Amino acid sequence: LALEIYDKLADENPRMKAPLMAKALEQGREQKDGDVMLGAARRLHAARPENREQTDQMNYLRLVLGEEIELVDLSDASGAQEGMESDRTAILAALMAYRLWLPDEMMQSLDRVADVQGLDAGWRAVYAGLLAEADRPAKAFAVAERVPESLLIDEEKYFLDLAR
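Model, not experiment: these values are computed from the prediction.

Visitor: Any chance you could break down the side chain of Asp87 for me, citing the residues and the numbers?
Guide: By the secondary structure assignment, Asp87 is in helix 5 (residues 84-99). Although buried, Asp87 forms no salt bridge, and the nearest oppositely charged side chain, Arg112, lies 8.3 Å from it. Residues in contact with Asp87, not counting those within four places in the same chain, are Arg112, Val113, Ala114, Asp115 and Leu119.

Below is the structure:
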């Protein structure tokens, strides 16, 4: 319902679409509603398709939720900058490989992740779960123990549970 209200407000004032969809995404996170988050992320991406972080967020939610995986395009993510952006890109590539049952590619992508401390809790939970799936339990647990479960949606908790 909140997403629909924000969407109608954005239709009335197109300049406010991005801030309103960002607020809807935040509310979806607070309510732990992945579907609302994905809907808001889609609309946010449509408002600002050039924003790499918003594109990553939309692709992340698609992969975590297991929805619209066929729409995830990581080809333009290869030009990611260093730091958090490249770590997000590597996690997205690992998550895509996980969903496609490509364990070697998943491990290669995980090896490219340098530091996850600056990433959101959900991203760190997913990274920890992927590490566990890659048979790296010590590193997985080290990341997982610093992730507050109360901030996660159910699909992220699944990955966190793999690491614990």
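Visitor: Any chance you could break down the packing of aromatic side chains for me, citing the residues and the numbers?
Guide: For any pair of aromatic rings, the description consists of the separation of the ring centres together with the inter-plane angle of the planes. Enumeration according to the criterion identifies three aromatic pairs in this entry. Here Tyr60 and Trp123 contribute two aromatic rings whose centre-to-centre distance is 4.4 Å and whose plane-to-plane angle is 15°, an arrangement assigned as stacked. Taken together, the residues Tyr60 in helix 4 (residues 52-65) and Trp123 in helix 7 (residues 121-133) connect sequence positions 63 residues apart. Given the relative accessible area of 0%, Tyr60 is considered buried.

Visitor: Explain the packing of helix 2 (residues 17-30) against helix 3 (residues 34-47) to me, and be specific about the residues and the numbers.
Guide: Helix-helix packing is characterised by the crossing angle of the two axes and by the distance between the axes. Here helix 2 crosses helix 3 at 160°, and the two axes come no closer than 8 Å. Considering the angle they form, helix 2 stands roughly antiparallel to helix 3. Of the two elements, helix 2 crosses helix 3, and the hand of that crossing is left-handed. Facing Lys17, Ala18, Met21, Ala22, Ala24, Leu25, Gly28 and Arg29 of helix 2, the residues of helix 3 in contact are Val36, Met37, Ala40, Ala41, Arg43, Leu44 and Ala47. Of the residues in the contact of helix 2 with helix 3, the class split is 11 nonpolar, one polar and three charged.

Visitor: Just give me the short version of the environment of Ala125, but keep the residues and values in it.
Guide: Inspection of the secondary structure assignment puts Ala125 in helix 7. Taking the C-alpha atoms as reference, Ala125 lies 8.2 Å from Leu152; in sequence the two are 27 residues apart.

Visitor: Talk me through unusual backbone geometry; I want residue IDs and the actual numbers.
Guide: A positive phi angle, close to 60°, is found at Lys32, a residue other than glycine. Tracing the backbone shows Lys32 in the loop between helix 2 and helix 3.

Visitor: Any chance you could break down helix 3 for me, citing the residues and the numbers?
Guide: Over its 14 residues, helix 3 extends 20 Å from the first C-alpha to the last, a length consistent with the 20 Å expected when each residue adds 1.5 Å. Within helix 3, burial applies to Gly34, Val36, Met37, Leu38, Gly39, Ala40, Ala41, Leu44 and His45. Capping the start of helix 3 is the job of one residue whose side-chain oxygen sits 3.1 Å from the backbone nitrogen of Asp35: Asp33.

Visitor: Residues and numbers for the layout of surface pockets, please.
Guide: Of the voids in this model, the largest pocket is the one considered here, and its volume is about 330 Å³. For the lining of the largest pocket, the secondary structure elements donating two or more residues are helix 2, helix 3, helix 4, helix 5 and helix 7. Its residues assigned to classes, the lining of the largest pocket comprises nine nonpolar, four polar and five charged.

Visitor: With reference to specific residues and values, describe the packing of helix 4 against helix 7.
Guide: At their nearest, the axes of helix 4 and helix 7 sit 12 Å apart, and the two run at 45° to each other. Judged on the interaxial angle alone, helix 7 and helix 4 are oblique. In the packing of helix 4 onto helix 7, the handedness of the crossing is left-handed. Across the interface between the two elements, Asp56, Gln57, Tyr60 and Val64 from helix 4 touch Gly122, Trp123 and Val126 from helix 7. For the contact of helix 4 with helix 7, the per-class residue count stands at four nonpolar, two polar and one charged.

Visitor: Requested: an account of the nonpolar core, with residues and values cited.
Guide: With 52 residues, the main nonpolar core has Leu95 and Leu130 as its most contacted residues. Among all residues touching Leu95, those that are not within four sequence positions of it are Tyr60, Leu63, Val64, Val126, Leu130 and Phe159.

Visitor: Tell me about a negative patch on the surface, residues and numbers included.
Guide: A cluster of like negative charges, contributed by Asp35, Glu67, Asp154 and Glu155, occupies part of the molecular surface. Residue placement: Glu155 occurs in helix 9 (residues 154-163).

Parameters at a glance
Residues numbered from 1 in each chain as written. Predicted model: local features only at pLDDT ≥ 70, side-chain atom pairs only at ≥ 80, totals over all residues. Heavy atoms only, no water. Helix = DSSP H or I, 4+ residues; strand = E, 2+ residues; numbered from the N terminus. Buried < 20%, exposed > 50% of the residue type's maximum accessible area, 1.4 Å probe, protein only. Lys, Arg positive; Asp, Glu negative; His and termini not counted. Salt bridge = Lys/Arg side-chain N within 4 Å of Asp/Glu carboxyl O. Contact = heavy atoms within 4.5 Å. Phe/Tyr/Trp six-rings, centres within 6.5 Å; stacked < 30°, edge-to-face > 60°. Axes fitted to C-alpha atoms, helices over the stretch in contact; angles between N-to-C directions. Parallel < 35°, antiparallel > 145°, perpendicular 65-115°, else oblique. Left-handed = near helix turned anticlockwise from the far one by under 90°. Nonpolar A, V, L, I, M, F, W, Y, C, P; charged D, E, K, R; others polar. Expected span 1.5 Å × (residues − 1). Polar contact = N/O pair within 3.5 Å; in protein donor to acceptor, adjacent residues only side chain to side chain. 1 Å grid on protein atoms, 1.4 Å probe; cavity = no way out; pocket = protein on both sides within 12 Å on 5 of 7 lines; lining within 4 Å. Points joined across faces, edges and corners; volume = space filled by probe spheres on them. Core = buried A, V, L, I, M, F, W, Y, C linked by side-chain atoms within 4.5 Å. Patch = residues over 30% accessible without salt bridge, like charges linked within 9 Å, V, L, I, M, F, W, Y side chains within 5 Å. Areas by Shrake-Rupley, 256 points an atom, 1.4 Å probe, with all protein chains shown as cover. Charge placed at Lys NZ, Arg CZ, Asp CG, Glu CD.

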